[in-house]
Amino acid sequence: MGKINIKIKPKHLVNYSIVLVMLLIGVVMLYTGNLRPSIAQLFTQIGYSIVLAVSLNFVVGFLGELSLGHAGFMCVGAYIGGLSAVMLKQALGASAKLPVLIIAMLIGGLSAAVFGFIIGLPSLRLKGDYLAIVTLAFGEIVRNIFMNQKIFGGARGLTTGSLTYDTRRAPTLFIVTFIVVLIMLIIIQNIVRSKHGRAITAIRDNEIAAKAMGINVTFYKLFVFIVAAFFAGCAGVIYAHTTTPVLYTFFSYNYSIEILVMVVLGGMGSITGSIFSAMFITVVNFMLQSQLSGDLASLRNLIYAVILIVVVIFSNAPALKSFREKYSLAALFATLLNKKSSDPSKRKDDEAKWDRVPTKIKMDALLSTDLNVDYTPARPEDLRGGKEGK
Amino acid sequence: MITLIDGLSLGSIYALIALGYTMVYGIAKMLNFAHGDIIMVGAYAIMVTLAATVSPIAAIIAAIVICTILGILVEKLAYKPLRGASPLAVLITAIGVSYFLQGLAQLVFGSQPKPVGSAWKLPAIKAINDIGITTSAAVTLICGIIIMVALTLFIKYTKTGSAMLAVSEDRGAAILMGVNVNKIISITFAIGSALAAFAGMFYLFQIPNTEPTLGAMPGITAFTAAVIGGIGSIPGAMVGGVLLGVIEKFCLASPLAPYTVAIKFSLLIVILLVKPTGLLGKVVREKV
Amino acid sequence: MKKTLSLVLVIAMSILALAGCGGEGSVDGYTANNTEYFIGGTGPLTGDASSYGISVQNGANIAIEEINAAGGLNGVNFKFDIKDDQAAADKASTAYDQLFEAGMQIAIGSVTSGSCEAFATKAASDSLFFMTPSASAEICIAEPNAFRVCFGDPDQGILAAQELTANYTNIGAIYDESDTYSAGIYEAFEAEMAALGVTYTVKTFNAENNKDFSTQVEALKDCDVIFLPIYYTEAGLIAKACVAKGCDAVLFGCDGLDGIAGQIDETVTNQIKYITPFDVNSTDETVANFVTAYEAKYGVKPDQFAADGYDAVMAIYEAMKAAGINDVTIAPDALCEAVVAAITAEGFTYTGATGTMSWDVSGAATKVPVIIELNK
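Residues numbered from 1 in each chain as written. Chains lettered and ligands numbered in written order. Predicted model: local features only at pLDDT ≥ 70, side-chain atom pairs only at ≥ 80, totals over all residues.

K.L.:
What exactly am I supposed to notice about the overall build of chain B here?
P.N.:
Secondary structure assignment for chain B yields 12 helices and 2 strands. From first element to last, N terminus to C terminus, chain B shows the α and β order α-α-α-α-β-α-α-α-α-α-β-α-α-α. Here the C-alpha radius of gyration of chain B, 19 Å, is about what a compact globule of 288 residues would show, namely 19 Å. Within chain B, the fraction of its 288 residues that count as buried is 64%. Taking as baseline every contact in chain B between residues at least 6 positions apart, the subset at least 24 positions apart corresponds to 77%. (Helix = DSSP H or I, 4+ residues; strand = E, 2+ residues; numbered from the N terminus. Rg over C-alpha atoms; globule rule 2.2 N^0.38 Å. Buried ≥ 20, exposed ≤ 12 C-beta atoms within 10 Å, placed from the backbone. Contact = placed C-beta atoms within 7 Å.)

Here is the structure:
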């Protein structure tokens, strides 16, 4: 990738700090003996959810391609990385936990990256919803193929019981997971910072203009898909270390959508947002599962759905805009720090304000949506603003 | 031959669902992920009314009324506040609605699949049955085509239909021309949901069990069908649905049966790579 | 700023190194405050498979009520908590930790095989005894602390193969390639049929994808018998597809077929047979009492999962009684040791809603399978 200009922006520092603080809290709890294994597992889940959300955000928020198949990459990583970890563990012995995890993560990540390359290819030709459905299809295809492989356990799933990393006395997998999160943040944030990142956001904002400027669109699109798939694959390997069996049912499009929900809730193109919403959703799921046992369990879907709808409407409805600006977290911080609240015109370069989403996701302007009549292209305003009903 | 007929009848169910997807997408510009779950509600409505009245006609009417009202309600509560916001936000609320309906159905009816009842049966038509075609297959196929034609005529020749076209084409201009966009979108949802009720009805003829997740996989398959046909295109939805149904059945009959899902979705990818806007979708030139 | 970056990594790595040395947490003694014996479990209470989880939950609740009404164990009551795992392994292992930390001492494991494998892995490292009602995959009871109430997948596949080859000539089979239970039975069936040297026709389906069975039934139309190692809801649909296609083959299934009576109507003329340990119409006193209590409480007749759930809890209770447990705060591993010894002891039998059974160290229940014919 050439030389990457390493400078830490304050915003990026915030992201590192959040992760480090969580890591420290976990470790302190571990040492003082307050870390229950279920909480350690929650930490691990938060960790790999962050990896998934941020890597998907790299595709959706920065490159501007809607992907509904992220769980498919995770599936590849979990199955291939999981199987190689099981075999490695047999070869190296049970004590080699960490080396096995790291090697498996590389194998799982790389094989997912190969699939990232494959799914990146159609993205060169397809746009918007069409690409979205292709990625969704890809996720289902991957699942279906793994389900039918005897070597991966077929319908019974891949038994990864021997990989169990956490023990009741030393649940330490979350530490490795958070280090993976940190490494991912360093890589992705620095790509985003660099000229490559600008090229990627340029493709998002206007592909044709980007091409005209001499940006190698093919290369960058594939590159983003490969990087995102690699990290999703790593998350899959971590998942394989927490759960046995690795079963294809987990990686359905519902899970891809859950990752997408994390990205959308956090704000497209906002890495901090993805981190927080990944935490939020994982914790909500955990709380709902632990609180609603027995007969109350059937309420879970309802509560989750209502939370989802209310949060999305609250944070997106045009009618609530002024209310939001008044009471948003950013405004709160601004008053606390006695600063002027962020002016939308002074928006930072990589901060795609997601109520005016990139061209590609603004499906209406680009797609054939007419019913039997000739299509007239949208007006320039539509292409730029993304607002409807002017 | 029999496989082909089975495929056609499964395909026409997909096609009916895909019609709903395509309608809503073409006009409201949103992927209504909850469409499959409206089918599920329709199926439950049929089951409950049938148990209460033993009249299939009443059951069909109840399903259509309930689905239509539900469609309008969902649109008003969950989608309308987001008009003008990012399409992705709407996509997420649609998913939320889908979870909600599934959760509600489970709460009310339990998650156990329930047989719809023996009153829900088409009378045997001996002439077709003798050549190995089930009545439900024949009826589904014919009704699918009728509904498609009716829909096309409705859009072409009624005032509401033209207004829908106008909204689909250029919402801003439609408003300027005095079209009540909110009303048109509500009507679209109403029609889409009524179609879902029909789909639920035919689904139950073929697969006479109701369950809370009944709509999920047919919904996704139908969405795939709509995209294969060119999303937004009504004949496209029909073609895509039937094509998928037939291919699925031929896969199941062949030794490749375990890979049916993979083949079905690979077909989608291949078709889109060859024709990026689907079989009957219009090619749009991108302008700067 | 490069420094800051490397600092971030150095901090992270040193934390890892420190933690790698092994943090010693004080994580014992979760059961110290128990005032009732705590039986835990996980099962799908929502989602596609939830009917099984809910049935087990209901059955287990009946058993708990019965035990507590009779004064519990030496005057100490039992508490039962089942967490929703949506039939997903990762949720089951989270749920296991939550239950364990809430003071779970003994468990009914998980309802479905995949979840139960995850549950078993966790339970093995804690030496927690569990008796799964319905997870039939062999891997679930691989560890010495794991027991089950239901038949194993391979046993049923082998039995079915022998039964079918003995009585029929033209044999067909339909199984769900996406389901652990179905694929498990079919694998054993396939192997046994190969060993017997009998040929047959097989069709598959994927319940996740499609529940329209016209093609499969069409292909097996001329068979004398169709083997259905699947669950009753799909089997009901297959029976109806048989009617539509004019296929009059005998439908032969395993314990998953129990409950099919509620799925079909009088138009289905096919003879339906299945291997099951539980007959809801049985006149046996234990069974009848259970069925009455269940119907009074839940308004429906119990299915086999409910009976398994009931038996799992009752068997745990009987084994604890036989082991002479009298400390309500007993730790899971100590309890496990005592209960395993008691349950595998010569002469320990338990008679419940799914028949009379005994256990050996393998964890599998020894009981007599019955082939039931559905009369209409």
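From this point on, the discussion continues.
K.L.:
Which parts of the structure should I look at to understand the environment of L83 of chain A?
P.N.:
Residue and element names in this part refer to chain A. Inspection of the secondary structure puts L83 in helix 3 (residues 70-92). Counting along the chain gives 31 residues from L83 to L52, while the straight-line C-alpha distance between them is 21 Å. Those residues in contact with L83, other than ones at most four positions away along the chain, are F152 and L158.

K.L.:
It is not clear to me how the pairing of strand 12 (residues 355-359) of chain C should be interpreted in this structure. Could you clarify?
P.N.:
Within a regular strand, side chains alternate between the sheet's two faces. Residues and elements named next belong to chain C. Alternating residues of strand 12 divide into G355, M357 and W359, all buried, and T356 and S358, none buried. The antiparallel hairpin formed by strand 11 (residues 350-352) and strand 12 contains 2 residues in its connecting segment. Pairing of strand 12 with strand 13 (residues 365-366), which is carried by 2 bridges, proceeds in the antiparallel orientation. If you follow W359 over to strand 13, its bridge partner there is A365. In sequence, strand 12 turns back onto strand 13 through a hairpin of 5 residues, with G363 there showing a positive phi of about 95°. (Pairing = 2+ DSSP bridges.)

K.L.:
Teacher, can you tell me more about the packing of helix 2 (residues 50-69) of chain C against helix 10 (residues 304-322) of chain C here?
P.N.:
Packed helices, taken two at a time, are described by the angle between their axes plus the distance between the axes. Residue and element names in this part refer to chain C. Interaxial distance between helix 2 and helix 10 falls to 7 Å at its minimum, and their mutual angle equals 40°. With respect to their mutual orientation, helix 2 and helix 10 come out oblique. With respect to the hand of their crossing, helix 2 and helix 10 are arranged in right-handed fashion. Here Y52, S55, V56, Q57, N58, G59, A60, I62, A63, I64 and I67 of helix 2 come into contact with helix 10, specifically with F305, A306, A307, D308, G309, Y310, A312, V313, M314 and Y317. A class-by-class count of the residues in the contact of helix 2 with helix 10 yields 15 nonpolar, 5 polar and 1 charged. (Axes fitted to C-alpha atoms, helices over the stretch in contact; angles between N-to-C directions. Parallel < 35°, antiparallel > 145°, perpendicular 65-115°, else oblique. Left-handed = near helix turned anticlockwise from the far one by under 90°. Nonpolar A, V, L, I, M, F, W, Y, C, P; charged D, E, K, R; others polar.)

K.L.:
Would you take a moment to explain the sheet that holds strand 13 of chain C for this structure?
P.N.:
Two pairing modes exist for strands in a sheet, parallel and antiparallel, and in both the strands are linked by backbone hydrogen bonds. Within the open sheet, the 3 strands sit side by side as 11-12-13 (chain C). Their pairing is antiparallel. Two strands in the sheet have a free side with no partner beyond their single neighbour: strand 11 and strand 13 of chain C.

K.L.:
Looking at this structure, how should I read the environment of N61 of chain C?
P.N.:
Residues and elements named next belong to chain C. With respect to the element layout, N61 can be found in helix 2. Here N61 falls in the buried class, since 21 other C-beta atoms lie within 10 Å of it. Put simply, N61 and I82 are 21 residues apart on the chain and 9.9 Å apart in space, counted from C-alpha to C-alpha.

K.L.:
Quick question: what am I supposed to make of the nonpolar core here?
P.N.:
When a protein is soluble and globular, its nonpolar side chains tend to lie buried together. Core analysis: the biggest nonpolar cluster contains 355 residues, and V51 of chain A, L19 and A63 of chain B together with V313 of chain C have the highest contact counts within it. Setting aside anything within four residues of it in sequence, one finds V51 of chain A in contact with V180, V181, M184, F231, C234 and A235 of chain A. (Core = buried A, V, L, I, M, F, W, Y, C linked by C-beta atoms within 7 Å.)

K.L.:
Where do I start with unusual backbone geometry in this structure?
P.N.:
Outside of glycine, negative phi angles account for most residues, and trans bonds account for most peptide bonds. The step from T244 of chain A to P245 of chain A runs through a cis peptide bond, and the omega angle for that step is -10°. Secondary-structure assignment places P245 of chain A in the loop between helix 9 (217-242) and helix 10 (253-266).

K.L.:
Whenever I open this one, the sheet that holds strand 14 (residues 370-374) of chain C confuses me. Can you help?
P.N.:
Residue and element names in this part refer to chain C. What the 6 strands build is an open sheet, ordered 7-6-8-9-10-14; its pairing is mixed. The open sheet has two edge strands with one neighbour each: strand 7 (201-205) and strand 14. Adjacent strand axes in the sheet meet at a mean angle of 20°, parallel and antiparallel pairs treated alike. Looking at chain direction, strand 8 (residues 225-228) and strand 9 (residues 250-253) are connected through 4 bridges and run parallel. Bridge pairing in strand 9 links I226 to L251.

K.L.:
Sorry, what's going on with the environment of R156 of chain A here?
P.N.:
Mapped onto the secondary structure, R156 of chain A falls in the loop between helix 5 (128-147) and helix 6 (173-193). Considered as a pair, R156 of chain A and L247 of chain A are 91 residues apart in the sequence and their alpha carbons are 7.0 Å apart. Leaving out residues up to four positions away in the same chain, R156 of chain A has contacts with P245 of chain A together with A137, T180, A183 and G184 of chain C.

K.L.:
In this structure, what is going on with helix 9 of chain A? I would like to understand it.
P.N.:
Working note: α-helix, 3.6 residues per turn, so residues spaced by three or four point in the same direction. Taking 1.5 Å as the rise per residue, helix 9 of chain A with 26 residues should run 38 Å; its terminal C-alpha atoms sit 38 Å apart, in good agreement. Among the 26 residues in helix 9 of chain A, 20 count as buried, and that is most of the element. (Expected span 1.5 Å × (residues − 1).)

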